[in-house]
Structure formats: structure tokens, C-alpha cells
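Each chain is listed here by its residues.
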Amino acid sequence: MGRSVTYKILEEHLVEGTLSAGEEIGIRIDQTLTQDATGTMAYLQFEAMGIPQVKTEISVSYVDHNTLQTGFENADDHKYLQTMNSNFGIYHSKAGNGICHQVHLERFGKPGATLLGSDSHTPTGGGIGMIAIGAGGLDVAVAMGGGPFFLACPRVINIKLTGRLRAWVSAKDIILKVLQILTTKGNVGYVVEYTGPGVETLSVPERATITNMGAELGVTTSLFPSDAVTKKFLEAQGRAESWRELLPDTDAAYDRVIELDLSELKPMIACPHSPDNIKDIGELKGMKIDQVAIGSCTNSSYKDLMIVARILKGRKAHSDISFVVAPGSKQVFQMLAENGALADIIASGARIMESACGFCIGSGQAPVTKGISLRTNNRNFEGRSGTADGQIYLVSPEVAALSAIKGELADPLDYDAAGFPRVDMPEKFSIDDSLIIPPSKTKTAIFRGPNIGEPPYTEPLADEIRGVIGLKVGDKITTDHIMPAGQRLKYRSNIPEYSKYVFEGVDPEFAARSLENRKKNIFTIIAGGLSYGQGSSREHAAICPMYLGVRAIMAKSFERIHSGNLVNFGILPLVFKSEADYDRISQGMDFSMTGLIEAVKRGSLITVNTGGTLIELELLATQRQRGILLAGGLLNYTRNSI
Ligand code: MIC
Ligand code: SF4
């Protein structure tokens, strides 16, 4: 049997284990990326490991999530990052240079390489034929130190693309269709690999839109082959030497094959509050809207924004809506300015935002109360926009631009196909890396303002833990529920402060109650449903609960990045042996767990005694992860092994 692109890259990078689906493997990481909101913790932890220089081929630190600098906290974080990066061999992409995934694709991505990023949308790099994986900051810190990244050897879903997209249907509609088929649940441990004759009809940024939002499936990553289209893209970025061809064997083996005829797809929309709540635009067209926001790492490439500019040219945005546009990178911004497209966007009445995450992470542009907002990003979780009852719908840039003009949801299929603005990829991108600061050759002082805390301290696993079921939640709890971003983002480097907001939108008393308990040695368990920990890779969703005294999560199932983060910070991810037990638990019950050290060592079932009722749970951890849990987290474990 031949090999998929996925297995070809894994084979080249395998350092531990064997390539047998489901088994734990360790792979060498060539490149890493971080962003400011996860980066400060990642670098504090890297410093705590005592390794003088990164050992990767290239490590890049981006500032893109939190650039508002309202107060000193952001500015302190940025200065810490720049001065720290300079000392440890890390490239630093300054605020204003663009969103990490967009810039990494443009300037650093390399077919066939592995990339580990402390951001769940790192799989954007799969658009250029990389194995690009999102993980917690501590995992990225270990990879920077030359340690392998451990993952379950994936099963591969092959999505075979045929045909060609019709006018007005876009890459966003492909991934929305895939989300409709596969949903956001039940895909842990899979990689999605795109093949088939339809692949060559898609440019690199279109492929990257698909692999980016593939994160919402909960898969390990998604990727495309590296072909002549990839080569042209890299040549246009002045990086021809980074290209290599990487195609699946004609008889490559896949675990599941899904055929998708691009010519049959329609414009689609993801409705509140989940990226897999998909409808055809036709079902909702005419819906009155309050806001349109175009940008984010999903849809802010040169091609995306040129299409938007052509649609807007000579037209005005509807007076009832708030309309914002954020180019994904300085390169995109500059090219739009140079060719005049920016003037068309400005003339339409759009507010032009910085090249940063901005509205996508709830950092500004919160919609009006109960407001309906059409956005081109990838997540529409409840409350993430900054307005608790905001109704966020996810669409393509084409739908967003047409709707901005109409003031209501527009169905592009009502427009003439001949009027669709076809935009070619440029022969040459405008290249100016002056906002990417290379590391310095000499050691300089590292800036640490009052907002820069200590890396979190964890204790080895206790043999006996007692406490209370502090919270019971339902299915699909996202890390945005656990650790809100938006206005609270500025506390990412300050664990005691950020911990005050754990589960803020779900139970505002949870944090204070748990911390009080912890002071009395009463620890906390959280009970959850299916797919606990969806979404963002933020390891704060493990660190801050740990700080409050959370020692275990019992859930029906977990998402990959979050369960890894829980282990990294010494919290036990426990899966109900019988899902019916979930119903036997209620918030406020006392619990005890005994004989934990032996049980974790042996990997046997863990029994939680809640008021006399015994609940059996499986520990979701490999042998290596059980060692990490015993040590009280990955930092202790790594230190012990150094
Ligand atoms: C996101 O889109 O949710 C984020 C904000 O980029 C996160 C990272 C973070 O919370 O800092 C992610 O995707 O991992
Ligand atoms: Fe930034 Fe949004 Fe992309 Fe996350 S999903 S990296 S917040 S633009």
C-alpha cells in the first residue's frame, strides 16, 4: 500500500514509537510559532527549563492577539517577548506585522516540515503541505528545547476534491461543508488530507482557509499536497528554495474517504453558537444584520481582500450596519494600499482595523446587544465576541461584502455569475520583513514589568484527594467558556489575576468559591459532557483551574489539545466508564479519591467516591503522560529528566 502525504512527513520526523494508528509517537519539530496571548507563558516556561538557545530550525514569536495597549499590560508583555526572544534565538514579529498564521504561511512555511504552534489554528500551515499542529505553550517550549512532540499516531480521513468552485462559492464554503459532514465532535486522533483533481484549482491561501478552520473539527491537523500551485506561491514570496514536491502515492492508504464535488457546493453559513451549525445561505437570506467584520486568520489574505475590494468598489456599506475590515498581514495591507484597493474599501465606509486578531478574539468590535454579526472568522462560540447575547454567523468574504452593502444577509447566487470578481494570485508579493526582528548575537537584558508573573508552580500528584464537585457543565464546553479572552486577555501573564475569571460567563462565583476551598485543602473536580475543552489551545484553561485547586475533570469525552494541557499541569482528565454516571453526579457533592499514585502508575481505573456512590473513570493518559501526572506536570517532569 502507498503512503499518504501525512505519513510521508511523519515518517521523516519520527523519533519515538512506530507509525501504527492510535499508538503514541514522538516527532521532531522543525519550526515553532507562538503568539503574544499564549507566548508569554510559553517563554517563561522555556526560561525555567534552563536551555540557552532554541534548538529548532526556526522559532517565531508573533504579537497579534492583544495589540490594543489599553494600559501598560500589553506593552509590558510585548517588550518582555521582544527582549526575551532576542536572547534565545527566536525571531520576533512585532505588533502590526500581522496575524501569526497568515504571516507564517507567507514568510516561513515550508512543505514537508513540521510546525508546532501555541495556537489551535496552527494547521493553517497545512495549506502549504506542512504537518502543522496546535498545542499548549508548554509543549511548544519543550519542542523549542529540542524535545519531541508526542501525539497519537493519526488515522487519516481523505477528502477527495473533484470539479471546480462556481462563481461566488469560495474556500470558506468548502470547510463549512466539511464541518457539516464531520461536525466538531468525534474527530479526535484524525488528520484530514485533501487530494484529488479539485486541489489544483485552489490557491495556497484558499487551501489555508480550509486547513485553518479544520481546527474546528477537533482533528490533529489538516493538510494539502505540495504541488505546482505551492511552488508558484513560494516563488511569488521570493522563497522558491523552500519548495519541494510532496504528493500522496497513487495507491495511498486512508482510513476513510469522502468525495466532494466542488461544482455542487453552495454558499453556506455557520449559525450561532457553533461552527458546525451549518445552513445554506438561501435558507436565511434577507436576515437583517447589525455588523459585518471581515478579517482573521481564516479569511484575510490578499486574494480574499481583493475580492472584497472589487465587490465594494463604487458602492457604500448600508448605513444601519457597523462594518470593519482587518487585513491579515502587513504584506496584504501594503499591497492593497499600493494597488488602490484599500481606497475602494475605505470609500465604501468600512472602518479599517490593524492587521491583528482584533474582533475575532473579542478584542474590540463587540456587536450591539442581541446584535447579528456576520464574520469571516472561524469561531462563533457564545460570548466570545464580547457581547453575551451577540449572535455571530460565519460566512465567506464574498457573502460578507455583499451583505455589508445590502444591510441584510445576501445570497451571492442571486447575483450574476459574470459579475463575480475573479482575482488572480500576484506574480510577486510585496516583501518587507522589517517588522520581523532577528535574534541578537549577544546577550541583552530581558524586560520584566509588573505584569509579567512567574511560571506556574505545580506539586507532584497526591495519593489521596478530597473535595467537592465544584461545577457541573454540559456538552461542548469550549476553552473560551473556561478562560474568557476579550477584556480579560491582558492578564495572560498573571495567573493569580487571570484565575479570578475562570468560568466567568458560566458561574461567576466559581473562581472565588474554589480558591477559598483550596485554602482549606478542599480540592475541586469539574464534571463535563462530550467534547470538553473544544477550541482554543490556551493552556490557561488548565493552569488557572489548577491554581484554584482543580485536580481532576470528569467528562464524557475530551478534545485533544485541552486534555494534553490538563496533563501538562497535573490535572487528571477522567472519562466516565459509563456515561450514565454523569447523571448521578450533581454540583456541590463531596468526593474523595484514594490510592491515586498506584492507580496512575498502573493506568488502571480511577474510582471517585461521591457521598458513598462509586464512579469509575478511565484516565485519559498514555504511559508517558502518566509519568507527567505523577511528577505534577510537564515542567517538573522535564526538569527531572534534564
Ligand atoms: C483562538 O482563536 O481561540 C485563539 C485566541 O487564537 C487561541 C489562542 C489563545 O487563546 O490565545 C487558539 O486558537 O488557540
Ligand atoms: Fe487570531 Fe482569531 Fe485566528 Fe485565533 S482564530 S489566531 S484569535 S485571528
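Before reading on, note that the structure itself is shown above.
Here's a quick rundown of the structure. (Residues numbered from 1 in each chain as written. Chains lettered and ligands numbered in written order. Predicted model: local features only at pLDDT ≥ 70, side-chain atom pairs only at ≥ 80, totals over all residues. Heavy atoms only, no water.)

All right, on to the environment of P439 then. One can find P439 in the loop between strand 20 (436-437) and strand 21 (465-472). Taking C-alpha positions, P439 is 37 Å from I346, a pair spaced 93 residues apart along the chain. Not counting the four nearest positions on each side in its chain, P439 is found in contact with N85, S86, G89, I90 and Y91. (Helix = DSSP H or I, 4+ residues; strand = E, 2+ residues; numbered from the N terminus. Contact = heavy atoms within 4.5 Å.)

This brings us to the nonpolar core. Among the nonpolar cores identified, the biggest contains 96 residues, and F503, Y532, L572, L574 and M593 are the most heavily contacted of them. Those residues within four positions of L574 in sequence are excluded, and the remaining contacts are A552, I553, M554, A555, F558, M593, I606, V608, L617, E618 and L619. Core analysis: the second largest hydrophobic core is formed by 61 residues, L115, A167, A208 and V332 among them. (Core = buried A, V, L, I, M, F, W, Y, C linked by side-chain atoms within 4.5 Å. Buried < 20%, exposed > 50% of the residue type's maximum accessible area, 1.4 Å probe, protein only.)

Around ligand 1 lies a shell of 14 residues, among which D119, S120, R492, S537 and R538 are the nearest. Note that an oxygen atom of ligand 1 is positioned 2.7 Å from one of the side-chain N or O atoms of D119. S120 places a polar side-chain atom, nitrogen or oxygen, 2.5 Å from an oxygen atom of ligand 1. When isolated, ligand 1 has an accessible area of 340 Å², and the protein chains bury 97% of it. In terms of residue class, the shell around ligand 1 is made up of 2 nonpolar, 7 polar and 5 charged. (Near = heavy atom within 4 Å. Polar contact = N/O pair within 3.5 Å; in protein donor to acceptor, adjacent residues only side chain to side chain. Areas by Shrake-Rupley, 256 points an atom, 1.4 Å probe, with all protein chains shown as cover. Nonpolar A, V, L, I, M, F, W, Y, C, P; charged D, E, K, R; others polar.)

This paragraph deals with the site of ligand 2. Inspection of the region around ligand 2 gives H65, H101, D119, H121, S296, C297, C357, C360, I361, N378 and R384 as its neighbouring residues. The residue inventory of the shell around ligand 2, partitioned by class, reads 4 nonpolar, 5 polar and 2 charged.

Take the sheet that holds strand 2 (residues 24-27) next. Pairing in this open sheet of 3 strands is antiparallel, and the strands run 1-2-8 from one edge to the other. With one partner strand each, in any of the chains shown, strand 1 (14-16) and strand 8 (149-152) form the two edges of the open sheet. Each neighbouring strand pair of the sheet contributes to a mean axis angle of 45°, computed without reference to strand direction. On top of the sheet, helix 1 (residues 5-13) reaches strand 1 and strand 2; it is set at about 55° to strand 1, its chief contact. (Pairing = 2+ DSSP bridges. Axes fitted to C-alpha atoms, helices over the stretch in contact; angles between N-to-C directions.)

By the criterion of burial, helix 5 (residues 137-144) is predominantly enclosed, with 8 of the 8 residues buried. Inspection of helix 5 places G137, L138, D139, V140, A141, V142, A143 and M144 among the buried residues, and these make up the whole buried set. Following helix 5 by one or two positions, G146 adopts a phi angle in the positive range, close to 95°.

For R379, the position within the fold is in the loop between strand 18 (372-375) and strand 19 (391-394). Overall, the relative accessible area of 4% leaves R379 in the buried class. A distance of 2.8 Å separates polar atoms of two side chains, one belonging to R379 and the other to S120. At 3.4 Å, the side chain of R379 and the backbone oxygen of G535 are in polar contact.

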